[in-house]
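Chain residues, written in single-letter form:
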Amino acid sequence: MATIAEALALALDHHLAGRLAEAQVLYTRVLDAEPDQPDALHFLGVLAGQLGEHAVGLQLIGRAIDQRPEAADMHANAANVLRAADRAADAVAAYRRAVALQPDFAEAWADMATALRTNGDTRRAIVALERALAAAPQLTAAQERLGPLLREHGRLLVESGLGVEALPPLARAAELLPLDADIAFLYGNALYATGLREDSLTAYRNALAITPDYPSAAFNLGIALAFVGRLDEAAAALEHTLRLDPRHGEAREKLAVTLSLLGREDEARTWAAEPETVRPAPPSRPAPRPDRRSRNARSRGRDA
């Protein structure tokens, strides 16, 4: 007859391989022989949670924790079941117990971030993911979640006029996702908004190097170049914008002004003549400002 340890090992093999029915039978047999066996209680509780039986799963894991309150993995798995049951706040509390017992528990930090995000706590979710990566720098799940979360957080800060606050998250996002044109674009917007116009040029150029057909990045590059007095380069960037998006009325207006300042009056008149498909600008139009919309935001139909 197999020992309890052997039965548990076989059950766990079935469990990890996705053979849940076979695992469930073996876990149950172990508990028939030893009703308070903590590993069988724990893993059967995890399995119940996977099957959507959240209350049963929490009860079983709770019994296991009663015997091993110092077991960080049990607290983390209880949190996973709570999160699956849409109890995000309770899940966060359980993840906190897990990482208090094991501060370098990278997976628990990463899963806590998901629960925090569900609760709308983006800042703490970012901190949790950074803690996960500090403990396990190659943890793919944390890397994949942190970059987009930083991008969205930075975007909202820029949109709220908090350019200085947006710089650190966007710089970190660019480090994690160096080939994301939207991050480079948003970083350029944050730099421009804080008065770092020369630095914003590099960010906008990075966005265009990643995605050459990015009208907003080309337009903002032109605006920034004009602001620092590099009018020839500004004109080239604005021409590029209009080749990408002939309906970009602000780019056409700004290009005509820039060409006039350069003494290229014939070109200015040519570009100022808007095609019929472009609506005429309203009277007393304000001076052009950098476009805040990223490519993703344009596709979603809202400002970035």
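It should be noted that the structure appears before, not after, this text.
Overview of the structure. Chains are numbered independently. Their residues run from 1 in the order of the written sequence. Reporting in this predicted model follows two pLDDT cut-offs: at least 70 for local features of residues, and 80 or more for side-chain atom pairs to be given and counted; totals over whole chains, interfaces and linings ignore these cut-offs and use all residues. Working from all heavy atoms in the structure, the side-chain values ignore hydrogens and water.

Right, let's talk about the overall build of the protein for a bit. The numbering of helices and of strands both runs from the N terminus, where a helix is a DSSP run of H or I of at least 4 residues and a strand a run of E of at least 2. The helix and strand tally for the protein stands at 17 helices and zero strands. For the protein, the residues scored as buried account for 44% of the 304 residues in total. For the protein, restricting intrachain contacts to residue pairs at least 6 apart in sequence, the fraction spanning at least 24 positions comes to 49%. Areas reported here follow the Shrake-Rupley algorithm with a probe of radius 1.4 Å; residue values treat only the protein chains shown as occluding. Entry remark: accessible area of the protein is about 15300 Å², with carbon and sulfur atoms responsible for 53%. Per-residue accessibility, obtained with a 1.4 Å probe over protein chains only, is compared with the maximum for each type, and a residue is labelled buried under 20%, exposed over 50%, and partly exposed between these values. Two residues qualify as a contact provided that any one of their heavy atoms is within 4.5 Å of a heavy atom in the partner residue.

A word on the nonpolar core. Residue types Ala, Val, Leu, Ile, Met, Phe, Trp, Tyr and Cys, when buried and joined through side-chain atoms within 4.5 Å, form a set referred to as a nonpolar core. Ranked by internal contacts, the top residues of the largest apolar core, which has 36 residues, are F185, Y214, L221 and L255. Secondary-structure elements contributing two or more residues to this core are α9 (140-159), α10 (163-176), α11 (181-193), α12 (197-210), α13 (215-227), α14 (231-244), α15 (249-261) and α16 (265-272). Top element by residues in this core is α13. It accounts for eight residues. Residues A94, A98, A106 and A142 belong to the second largest nonpolar core, which totals 32 residues.

A word on the side chain of R155. Within the secondary structure, R155 sits in helix α9. Reaching out from R155, the side chain makes a polar contact with the side chain of E152 at a distance of 2.7 Å. In the analysis that follows, any N or O atom pair within 3.5 Å is treated as a polar contact, provided that within protein one partner can donate a hydrogen and the other can accept it, and provided that, for residues neighboring in sequence, both atoms belong to side chains.

What follows is about α9. With 20 residues, α9 extends 29 Å between its outermost C-alpha atoms, agreeing within 8% with the 28 Å of an ideal straight helix rising 1.5 Å per residue. Among the residues of α9, those classed as buried are A142, L146, G147, L149, L150, R151, H153, G154, R155, L157 and V158. Phi for G161, located one or two positions after α9, is positive at around 80°. Here the expected span of a helix is defined as 1.5 Å times the quantity of residues minus one.

Below, the discussion takes up the side chain of T241. Turning to its location among the elements, T241 is positioned in helix α14. Under the relative-accessibility criterion, T241 is labelled buried at 0%. Looking at T241, its side chain comes within polar contact range of the main-chain nitrogen of F219, at 3.0 Å. Sequence-distant contacts of T241, defined by excluding residues within four places in its chain, comprise P215, A218, F219, H248 and A251.

This next bit is on the packing of aromatic side chains. Only the six-membered ring of Trp is used, alongside the rings of Phe and Tyr, when aromatic pairs are assigned; centres must lie within 6.5 Å, and planes under 30 degrees apart are stacked while those over 60 apart are edge-to-face, with the rest tilted. Counted by the stated rule, this structure contains four aromatic pairs. Ring centres of Y27 and F43 lie 6.2 Å apart, and the angle between their planes is 25°; this geometry places the pair in the stacked category. Of this pair, Y27 sits in helix α2 (residues 20-33) while F43 sits in helix α3 (residues 38-50), placing them 16 residues apart in sequence. Each member of the aromatic cluster is reached from another via a ring pair, and the members are F185, Y204 and Y214.

It is worth spelling out α15 at this point. Every α-helix carries 3.6 residues per turn, so stepping three or four residues along brings you back to the same face. Taking 1.5 Å of rise per residue, the 13 residues of α15 would be expected to cover 18 Å, and the 19 Å separating its terminal C-alpha atoms lies within 8% of that figure. Buried residues along α15 sit against α13, α14 and α16. G263 occupies a position one or two residues after α15 and carries a positive phi of about 80°.

Moving on: the packing of helix α6 (residues 88-101) against helix α7 (residues 106-118). To characterise two packed helices, one gives the angle between the axes of the helices and the distance between these axes. Between the N-to-C directions of two axes lies an angle of 0 to 180 degrees, each axis being a line fitted to C-alpha atoms and, for a helix, fitted only over the stretch in contact. It is the contact of α6 with α7, at a shortest axis distance of 9 Å, that shows an interaxial angle of 155°. What the angle tells us is that α6 and α7 run roughly antiparallel. Two packed elements cross with a definite hand, and for α6 against α7 that hand is left-handed. From α6, A88, A91, V92, Y95, R96, A98 and V99 reach across to α7, where they touch A108, W109, D111, M112, A115, L116 and T118. The residue classification treats Ala, Val, Leu, Ile, Met, Phe, Trp, Tyr, Cys and Pro as nonpolar and Asp, Glu, Lys and Arg as charged. All others, Gly included, are polar. The residue inventory of the contact of α6 with α7, partitioned by class, reads 11 nonpolar, one polar and two charged. For classification purposes, angles smaller than 35 degrees are called roughly parallel, those larger than 145 roughly antiparallel, those between 65 and 115 roughly perpendicular, and all remaining angles oblique. Here a crossing is taken to be left-handed if its near helix is turned anticlockwise relative to the far helix by less than a right angle, and right-handed if that turn runs clockwise.

Quick look at the environment of D104 now. Mapped onto the elements of the fold, D104 is located in the loop between α6 and α7. Taking relative accessible area as the criterion, D104 reaches 52% and is therefore assigned exposed. Distance in space between the C-alpha atoms of D104 and A134 is 8.2 Å, their sequence separation being 30 residues.

Any Lys or Arg side-chain nitrogen found within 4 Å of a carboxyl oxygen on Asp or Glu counts as a salt bridge. This model, assessed by the stated rule, comprises 19 salt bridges. Measuring nitrogen to oxygen at the nearest pair gives 3.1 Å for the salt bridge that ties D90 to R87. Here D90 falls in the partly exposed class, since its relative accessible area comes to 37%. Looking at R87, the relative accessible area reads 38%, which means it is partly exposed. Note that E239 and R264 form a salt bridge whose closest N and O atoms lie 3.9 Å from each other.

It is worth stressing that arrangement in space is one thing and function is another; only the former is reported here.
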